[in-house]
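Close look at the chain arrangement
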Amino acid sequence: RPMLREFVERPETIAFIDGVHRVEMLLIGYDAGRMVYGALASVGVGASFVGEGLCGVQTEPPLRVLALSDGAEYAAINVDCGNTVLEFCPQNTGESGLAAVHQALQDARSREEIRLGEQLDESGVEMVVVDGRLNWQPRRGTMVIGLVKTIHRRYLDQPQADVLSKLAPKTRTPIFRIGGKHAVYSWYLRLAKARPMDHPWSGLIRLETLDSIPIEAAKRLADLTACHLPGFASSPAHDPRAPQ
């Protein structure tokens, strides 16, 4: 059944990490007689910070990527741009087709987000919220959470899944475990009340933290998210993806 959370004080500083990539030009070439797809693309990551009397943004220099399919190897490409030169560094994947190019870009973006997350962890930020699944281990006890905005995969079967449509704003499901290479404790949380036109799962996010922490610490972290993350939900008047 939906869980009423215990109140947990908000950390002094919360950092939200996100990234974006933009394809500048699609490429088609040949490597050892086989067709290879590619793209010149720009990848950007950054973090926004919220704390007592604090609100700011940390930007990072963009990464230029030469994304390639089929495990193709190629030297970096330099492109003249005004009075500067942009260097696009290779990033490949063993998959084939245009979808492989997208995967290579996702890999590059994920790597940059992990690098920034580890940097914030080392700097002593109390809580870091990462866009998407969590696949890195904090080193200094920072509370790190993966936030999945879109539910593509169901991890709960009936009757447990029935709980999701019944969640009220600021309530969460019990914690469950997702196994695999990066095993996590996970829970669903409703950020805001669904509008009459919305799907019953509108406003739901799935959160996760690595299962290397004690279960009681995971429960406290889940309660913390239920108390405070809904306060950062966006409005449909300002963002079509609201409230995520």
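The notes below deal with the structure included here. Everything numeric in this text was worked out from a predicted model, so none of it was measured.

**Thoughts on the packing of aromatic side chains**
- Under the defined criterion, the tally for this structure stands at two aromatic pairs.
- Ring centres of Phe 176 and Tyr 188 lie 5.8 Å apart, and the angle between their planes is 25°; on these two criteria the pair is classed as stacked. Residue Phe 176 is located in strand 9 (residues 176–178), and its partner Tyr 188 is located in strand 10 (residues 184–190); the two are separated by twelve residues in the primary sequence. Here Phe 176 matches Tyr 188 in class, with each residue buried.

**Description of the layout of surface pockets**
- In this structure, the largest pocket spans a volume of roughly 940 Å³.
- Those elements giving two or more residues to the lining of the largest pocket turn out to be helix 1 (98–123), strand 7 (127–131) and strand 8 (143–148).
- At seven residues, helix 1 tops the list of elements feeding residues into the lining of the largest pocket.
- Of the residues that constitute the lining of the largest pocket, the class distribution is ten nonpolar, eleven polar and nine charged.
- Within this model, the second largest pocket holds a volume of roughly 660 Å³.
- What lines the second largest pocket is a set of 29 residues, among which Phe 16, Asp 18, Ser 48, Lys 149 and Gln 244 lie closest to the centre.
- Taken together, the elements giving at least two residues each to the lining of the second largest pocket come down to strand 1 (13–31), strand 2 (34–51), strand 3 (54–59) and strand 7.
- Sorting elements by how many residues they give to the lining of the second largest pocket places strand 2 first, with six residues.
- Classifying every residue of the lining of the second largest pocket gives 16 nonpolar, six polar and seven charged.

**Quick notes on unusual backbone geometry**
- Residues Gln 158 and Pro 159 are joined by a peptide bond in cis, for which omega reads 5°.
- Within the element layout of this structure, Pro 159 appears in the loop between strand 8 and helix 2 (162–166).
- Phi angles above zero are rare outside glycine, and Asp 70 is one such case at about 60°.
- Counting through the fold element by element, Asp 70 comes out in the loop between strand 4 (63–68) and strand 5 (77–81).
- Here the phi dihedral of Lys 170 falls at roughly 70°; this positive angle occurs in a residue that is not glycine.

**A closer look at the pattern of salt bridges**
- Enumeration according to the criterion identifies 13 salt bridges in this entry.
- In the salt-bridge network here, residues are joined through shared partners; they are Asp 18, Arg 109, Glu 113, Asp 131 and Lys 149.

**As for the environment of Arg 195**
- Relative to the elements of secondary structure, Arg 195 occurs in the loop between strand 10 and strand 11 (204–210).
- On the basis of relative accessibility, which here comes to 37%, the residue Arg 195 falls in the partly exposed class.

**A closer look at the nonpolar core**
- Counting residues in each nonpolar core, the largest one holds 25 residues, and the members touching the most others are Leu 120 and Val 128.
- Among the secondary structure elements, those contributing two or more residues to this core are strand 1, strand 2, helix 1, strand 7, helix 2, strand 9, strand 10 and strand 11.
- Look past the residues within four positions of Leu 120 in its chain and what remains in contact with it is Ala 15, Ile 17, Ala 47, Phe 49, Gln 58, Val 125 and Val 128.
- Core analysis: the next-biggest nonpolar cluster, separate from the first, contains 18 residues, Phe 16, Met 127, Trp 187 and Leu 191 among them.

**Notes on the pairing of strand 11**
- Burial analysis of strand 11 places seven of its seven residues in the buried class, which makes it a mostly covered element.
- With burial as the criterion, each face of strand 11 is covered, one bearing Leu 204, Arg 206, Glu 208 and Leu 210 and the other bearing Ile 205, Leu 207 and Thr 209.
- With three bridges connecting them, strand 8 and strand 11 associate as antiparallel partners. Note on strand 11: the bridge partner recorded for Val 148 is Arg 206.

Rules and cut-offs
Residues numbered from 1 in each chain as written. Predicted model: local features only at pLDDT ≥ 70, side-chain atom pairs only at ≥ 80, totals over all residues. Heavy atoms only, no water. Phe/Tyr/Trp six-rings, centres within 6.5 Å; stacked < 30°, edge-to-face > 60°. Helix = DSSP H or I, 4+ residues; strand = E, 2+ residues; numbered from the N terminus. Buried < 20%, exposed > 50% of the residue type's maximum accessible area, 1.4 Å probe, protein only. 1 Å grid on protein atoms, 1.4 Å probe; cavity = no way out; pocket = protein on both sides within 12 Å on 5 of 7 lines; lining within 4 Å. Points joined across faces, edges and corners; volume = space filled by probe spheres on them. Nonpolar A, V, L, I, M, F, W, Y, C, P; charged D, E, K, R; others polar. Salt bridge = Lys/Arg side-chain N within 4 Å of Asp/Glu carboxyl O. Core = buried A, V, L, I, M, F, W, Y, C linked by side-chain atoms within 4.5 Å. Contact = heavy atoms within 4.5 Å. Pairing = 2+ DSSP bridges.

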